[in-house]
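Chains, contacts and geometry: an overview
Next come the chains, spelled out residue by residue.
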Amino acid sequence: MSTPQPAGPGAPPDPPPGILARDLHRSFGTVRAVAGVDLTVRRGSVTALVGPNGSGKTTLLLILAGLLAPDHGSVLVAGADPGSSATARSRVGWMPDAFGTWDSLTAVEVLTTMAGAYRLPAGQGRARAWELLRTVHLDDLAAAPAHTLSRGQKQRLGMARALINSPEVLLLDEPASGLDPRSRIEMRSLLRGLAAAGTTVLISSHVLAELDEMVDDAVFLSRGRTVSSEQLRVGVTERRWRLRTLDGPALQRWASAARVTLHPDTDAPDGAGSVLVDLTDDAAAAALLAAAVGAGVPVVSLAPVSGRLEQAYLSLDTERR
Ligand SMILES: Nc1ncnc2c1ncn2[C@@H]1O[C@H](COP(=O)(O)OP(=O)(O)OP(=O)(O)O)[C@@H](O)[C@H]1O
């Protein structure tokens, strides 16, 4: 394995992060909502913002969107401070957890009004609005008053609204709540596509399994502080896998000959044919499966017990408040 070499004098510098926050603090009266957040979000990545209820996620996102001033600390979003620079705010897309204002406007009017607020020329704003309505599959409901939309449809309109200014940084607070399964899948692929095109995406959600499928990195908050930052798509983390077989004794004989440690699966409805095994990565899982099947063990399935995010989250000492 080669050791990474330090960048030489001619090497291009690392691109600046999409979001950089240092030592952020924000209190509401005696409640310390954000109490020491450090955050670096790689440009062009999708990063999960995870933490229990009341851990400060929404407060942090509001600060990053330039909608709430921190009491202390520094923020750079797309290279500028969103609190003091209108240019920085114009580079940010913000989707709150509930779609609020302008209920008397139609769906398309919500988007053209927003486009106007970003000073897009009228024709361009209309074109962008229609393009986004098609992206979120609301073009059939373009003329419907926003307040008549269902919760999931409002969420999709909220996503379109957040994208109207083609933001460099997209901040999403619980964007999938209320979405049906197809819309969730479409949202995942939309966000991955945006990230591939260079958009930095920070997304908060409590549905870790859903985030697991789309995020590159994760930042964990507890009681207003960053407790961990992880790059999930790189590095090696041991995960627990469930192996099911038609022949438990044959599996046990093979495992003891192959020196593979198996743990009892106390959660399985029929524990006899199901065991747990800790594996470092997908390659180790593939090797174990090939070896067991090659030795004649009738394996039914081998799958991770929990997602990467769920496992990382549960291993942290986070607290609700
Ligand atoms: N405007 C406010 N006035 C007073 N307290 C507030 C205000 N906004 C947030 N808080 C408090 O700050 C703390 C953090 O709230 P925040 O909404 O940021 O948490 P969260 O992680 O987004 O929670 P959830 O997962 O439940 O949405 C909570 O204790 C909350 O009660």
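Residues numbered from 1 in each chain as written. Predicted model: local features only at pLDDT ≥ 70, side-chain atom pairs only at ≥ 80, totals over all residues.

Per an unreviewed UniProt entry, the protein chain goes by the name ABC transporter ATP-binding protein and belongs to Occultella glacieicola. The UniProt entry for the protein chain carries the following text under Sequence similarities (unreviewed entry): "Belongs to the ABC transporter superfamily." (UniProt positions renumbered as here; feature names shortened; annotations may be inferred.)

Quick notes on the sheet that holds strand 10 (residues 239-245)
Strand pairing in a sheet is mediated by backbone hydrogen bonds. Such pairs are either parallel or antiparallel. Ordered in space as 11-12-10-13, the four strands form an open sheet in which the pairing is antiparallel. Single-partner strands in this sheet number two, and they are strand 11 (263-264) and strand 13 (299-304). Bridge count between strand 10 and strand 13: five bridges; the pairing is antiparallel. Residue pairing across strands places R242 opposite A303, the latter belonging to strand 13. (Pairing = 2+ DSSP bridges. Helix = DSSP H or I, 4+ residues; strand = E, 2+ residues; numbered from the N terminus.)

Details of the domain arrangement of the protein chain
By the assigned domains, the protein chain splits into domain 1 (19-231) and domain 2 (239-313). Domain 1 puts nine residues into the contact, and the matching count from domain 2 is six residues. Looking at the side of domain 1 that touches domain 2, the elements with two or more residues in it are strand 3 (46-50), helix 7 (208-212) and strand 8 (217-222). Looking at side-chain class alone, the side of domain 1 that touches domain 2 contains seven nonpolar, no polar and two charged residues. (Domains from an automatic or database assignment. Contact = placed C-beta atoms within 7 Å. Nonpolar A, V, L, I, M, F, W, Y, C, P; charged D, E, K, R; others polar.)

Thoughts on the nonpolar core
Core analysis: the biggest nonpolar cluster contains 66 residues, and L64, L111, L133, L157, A160 and L171 have the highest contact counts within it. In terms of residues, this core owes the most to one element, helix 3 (residues 107-117), which gives six residues. Taken domain by domain, the makeup of this core includes at least three residues from each of domain 1 (19-231) and domain 2 (239-313). Grouped together as the second largest cluster of nonpolar side chains are 10 residues, A255, V275, L279 and A292 included. (Core = buried A, V, L, I, M, F, W, Y, C linked by C-beta atoms within 7 Å. Buried ≥ 20, exposed ≤ 12 C-beta atoms within 10 Å, placed from the backbone.)

Here's the deal with the environment of R42
Mapped onto the elements, R42 comes out in the loop between strand 2 (31-41) and strand 3. Remark: the alpha-carbon pair of R42 and T200, spanning 158 residues in sequence, is separated by 7.0 Å.

Thoughts on the sheet that holds strand 2
Spatial strand order, 2-1-4: three strands in an open sheet with antiparallel pairing. The open sheet has two edge strands, strand 2 and strand 4 (72-77), and neither has a second partner. Neighbour to neighbour, the strand axes of the sheet diverge by 25° on average, direction disregarded. Of the pairings in the sheet, the one linking strand 1 (residues 19-28) to strand 4 comprises five bridges and is antiparallel in character. (Axes fitted to C-alpha atoms, helices over the stretch in contact; angles between N-to-C directions.)

Brief notes about unusual backbone geometry
Phi at H137 takes a positive value of approximately 55°, unusual for a residue other than glycine. Tracing the backbone shows H137 in the loop between helix 4 (122-135) and helix 5 (151-163). The exposure class assigned to H137 is partly exposed, which follows from the 13 C-beta atoms found within 10 Å. Despite not being glycine, R259 shows a phi value in the positive range, around 55°. Along the chain, R259 falls in the loop between helix 8 (248-258) and strand 11.

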